[in-house]
Amino acid sequence: MPSARQRAREAKVQFAAWLRSTSGQAVDPDSIFDCQIKRIHEYKRQLLNALRIVVLYNRVRENRQLEMAPRTFFFAGKAAPAYRLAKLIIKFLNNLAGTIDGDPAVLGRLRVVFVPDYNASLAEKLIPASDVSNQISTAGYEASGTSNMKFMMNGALTVGTRDGSTIEMAQEAGEENFFLFGLTADQVAGSRGWYNPHWHYDNEPETRAALDLIFSNHFSRNEPGVFEPLRETLLNGGDYYMHLADLKSYVQAQDRLGELYADQDAWARKAILNVAASGKFSSDRAIAEYAGDIWKAAPCPVQ
């Protein structure tokens, strides 16, 4: 019988083969599959994830001997038709992917893939192949969330904020089996009157370097200035969803995750504990609670 690790790798091999046959994109199944698949929105913070990738990209460019497992970052999701900034974030993710693909300094170490036309059929293939689930919404803004539960049930480890149902998931599996980071909902609300994103730009060298690289048109050489609205969002406009406030903590959580991945037995143990603790999030349990506690509907015996 194949081990849990072997089954996980086979799911990655199958997804890589499907992706190549449908889009022509090649990914390494022996890299960490690091995923964020959900509707594109500022509060869900795909942009925070992208900033984290730029930080890592800078690290590898500056130190080609940096010890780290290769990573493939998967994004998928759709934006509302009139949501211009969300569409710009999608463009930035694709430009980031193109720049990284063309940079020999990071070849074979980093890869960004935006998978188009996100739907349930795609999720059924990608979620079982995922090593890492990013659930990084600004604390206090996610009503619930369900994709995080699907990742958990399939053995992915969660890097997340204390928001939505991720809080309940961490309670079930134990916070020591999650990679939690960032401000709490109370801290987000309490800092509204004084938060200044420029402090992070001025005092956190990796944050400053990542933003400077973006605004120097490194990822938009053929369209200078196209990402200026990101400057307005993150710096001049006050960074309402607190990307910069959480970036350093997010990077540190990802660093801890990378250290764990080097110990495959310890990684497998946390993954198994997550799967084992995910039973509470079964739809059967949820429907039974709705029926009994909200609808007051009694079971109907079947003869």
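Residues numbered from 1 in each chain as written. Predicted model: local features only at pLDDT ≥ 70, side-chain atom pairs only at ≥ 80, totals over all residues. Heavy atoms only, no water.

Enquirer: Outline the overall build of the chain, listing residues and values.
Expert: Looking only at helices and strands, one finds 13 helices and 6 strands in the chain. Computed over its C-alpha atoms, the radius of gyration of the chain comes to 20 Å, within 12% of the 19 Å expected for a compact globule of 303 residues. The C-alpha extent of the chain, read off along each of the three principal axes, is 70 × 50 × 35 Å. When the 303 residues of the chain are sorted by exposure, 50% land in the buried category. For the chain, restricting intrachain contacts to residue pairs at least 6 apart in sequence, the fraction spanning at least 24 positions comes to 74%. Of the roughly 14,700 Å² of accessible surface on the chain, 53% is carried by carbon and sulfur atoms. Averaging the locations of the 34 positively and 35 negatively charged side chains of the chain gives two centres separated by 3 Å. (Helix = DSSP H or I, 4+ residues; strand = E, 2+ residues; numbered from the N terminus. Rg over C-alpha atoms; globule rule 2.2 N^0.38 Å. Buried < 20%, exposed > 50% of the residue type's maximum accessible area, 1.4 Å probe, protein only. Contact = heavy atoms within 4.5 Å. Areas by Shrake-Rupley, 256 points an atom, 1.4 Å probe, with all protein chains shown as cover. Lys, Arg positive; Asp, Glu negative; His and termini not counted. Charge placed at Lys NZ, Arg CZ, Asp CG, Glu CD.)

Enquirer: Residues and numbers for a nonpolar patch on the surface, please.
Expert: Together, Tyr 290, Ile 294 and Trp 295 make up a nonpolar patch on the protein surface, roughly 380 Å² of accessible area in all. With respect to the helices and strands, Tyr 290 occurs in helix H13 (residues 283-294). (Patch = residues over 30% accessible without salt bridge, like charges linked within 9 Å, V, L, I, M, F, W, Y side chains within 5 Å. Salt bridge = Lys/Arg side-chain N within 4 Å of Asp/Glu carboxyl O.)

Enquirer: Residues and numbers for the nonpolar core, please.
Expert: By size, the foremost hydrophobic cluster in this structure holds 61 residues, and its most contacted members are Phe 92 and Phe 219. Look past the residues within four positions of Phe 219 in its chain and what remains in contact with it is Val 54, Tyr 57, Phe 92, Asn 95, Leu 96, Thr 99, Leu 213, Ile 214 and Phe 227. Listed in part, the 19 residues of the second largest apolar core include Ala 11, Val 115, Ala 123 and Ile 127. (Core = buried A, V, L, I, M, F, W, Y, C linked by side-chain atoms within 4.5 Å.)

Enquirer: Account for the pattern of salt bridges, with residues named and values stated.
Expert: Summed over the entire model, instances satisfying the criterion amount to 17 salt bridges. Close ionic contact of Asp 202 with Arg 208 constitutes a salt bridge, the shortest N to O distance being 3.7 Å. On the accessibility criterion, Arg 208 (35% relative accessible area) is partly exposed. A single salt-bridge network, built from bridges that share partners, covers Asp 34, Arg 52 and Arg 71.

Enquirer: I'd love a proper account of the packing of helix H3 (residues 84-101) against helix H10 (residues 228-236), names of residues and values included.
Expert: Where H3 meets H10, the axes come as close as 10 Å, and the angle between the chain directions of the two elements is 115°. By the angle class used here, H3 and H10 are roughly perpendicular. Relative to H10, H3 is oriented so that their crossing is left-handed. Touching Leu 85, Leu 88 and Phe 92 of H3 are Pro 229, Leu 230 and Thr 233, all from H10. (Axes fitted to C-alpha atoms, helices over the stretch in contact; angles between N-to-C directions. Parallel < 35°, antiparallel > 145°, perpendicular 65-115°, else oblique. Left-handed = near helix turned anticlockwise from the far one by under 90°.)

Enquirer: Give me the lowdown on the environment of Ala 276, citing residues and values where you can.
Expert: Counting through the fold element by element, Ala 276 comes out in helix H12 (residues 264-277). It is 28 Å that separates the C-alpha atoms of Ala 276 and Tyr 141, two residues lying 135 residues apart in sequence.

Enquirer: So what's going on with empty space enclosed by the protein? Residues and values would help.
Expert: Here the structure, examined in full by the defined rule, presents 2 cavities of 30 Å³ or more. Roughly 80 Å³ of volume is contained in the largest cavity. Lining the largest cavity are Lys 38, Lys 44, Gln 135, Ile 136, Ser 137, Glu 142, Ser 144, Asn 148, Thr 161, Asp 163 and Thr 166. The volume enclosed by the second largest cavity comes to roughly 30 Å³. Around the second largest cavity sit Ile 214, Phe 215, Asn 217, Ser 220, Gly 225, Val 226, Phe 227 and Glu 228, which together line it. Of the residues that constitute the lining of the second largest cavity, the class distribution is 4 nonpolar, 3 polar and 1 charged. (1 Å grid on protein atoms, 1.4 Å probe; cavity = no way out; pocket = protein on both sides within 12 Å on 5 of 7 lines; lining within 4 Å. Points joined across faces, edges and corners; volume = space filled by probe spheres on them. Nonpolar A, V, L, I, M, F, W, Y, C, P; charged D, E, K, R; others polar.)

Enquirer: If you had to explain the packing of aromatic side chains to someone new, which residues and values would you point to?
Expert: Applying the stated criterion across every chain yields a total of 13 aromatic pairs. Aromatic side chains Phe 181 and Tyr 250 sit 4.9 Å apart centroid to centroid with 25° between the ring planes, which places their arrangement in the stacked category. With Phe 181 in the loop between strand S6 (179-180) and helix H7 (185-190) and Tyr 250 in helix H11 (residues 243-261), the pair connects residues that are 69 residues apart, well separated along the chain. Owing to a relative accessible area of 0%, Tyr 250 belongs among the buried residues under this scheme. For the pair Tyr 240 and Tyr 241, a centre-to-centre distance of 5.0 Å together with 85° between the ring planes defines the contact as edge-to-face. Using a relative accessible area of 46% as the deciding quantity, one classes Tyr 240 as partly exposed. Feature note: the residues Phe 15, Trp 18, Phe 33 and Phe 74 constitute an aromatic cluster, connected by ring pairs. The ring of Tyr 240 is capped by Arg 192, whose NZ or CZ atom sits 3.9 Å from the centre of that ring. Stacked on the ring of Phe 215, the Lys or Arg Arg 231 has its end atom at 4.3 Å from the ring centre. (Phe/Tyr/Trp six-rings, centres within 6.5 Å; stacked < 30°, edge-to-face > 60°. Lys NZ or Arg CZ within 6 Å of the ring centre and 35° of its normal.)

Enquirer: For the environment of Asn 217, give the residues involved together with the corresponding values.
Expert: The topology assignment puts Asn 217 in the loop between helix H9 (205-215) and H10. As for Asn 217 and Pro 128, which are separated by 89 residues in sequence, their C-alpha atoms are 36 Å apart. With residues up to four places along the chain from it excluded, the contact list for Asn 217 reads Glu 223, Pro 224 and Gly 225. A polar contact is formed between the side chain of Asn 217 and the backbone nitrogen of Gly 225, at a distance of 2.8 Å. (Polar contact = N/O pair within 3.5 Å; in protein donor to acceptor, adjacent residues only side chain to side chain.)

The values reported here are purely geometric and, on their own, carry no functional implication.
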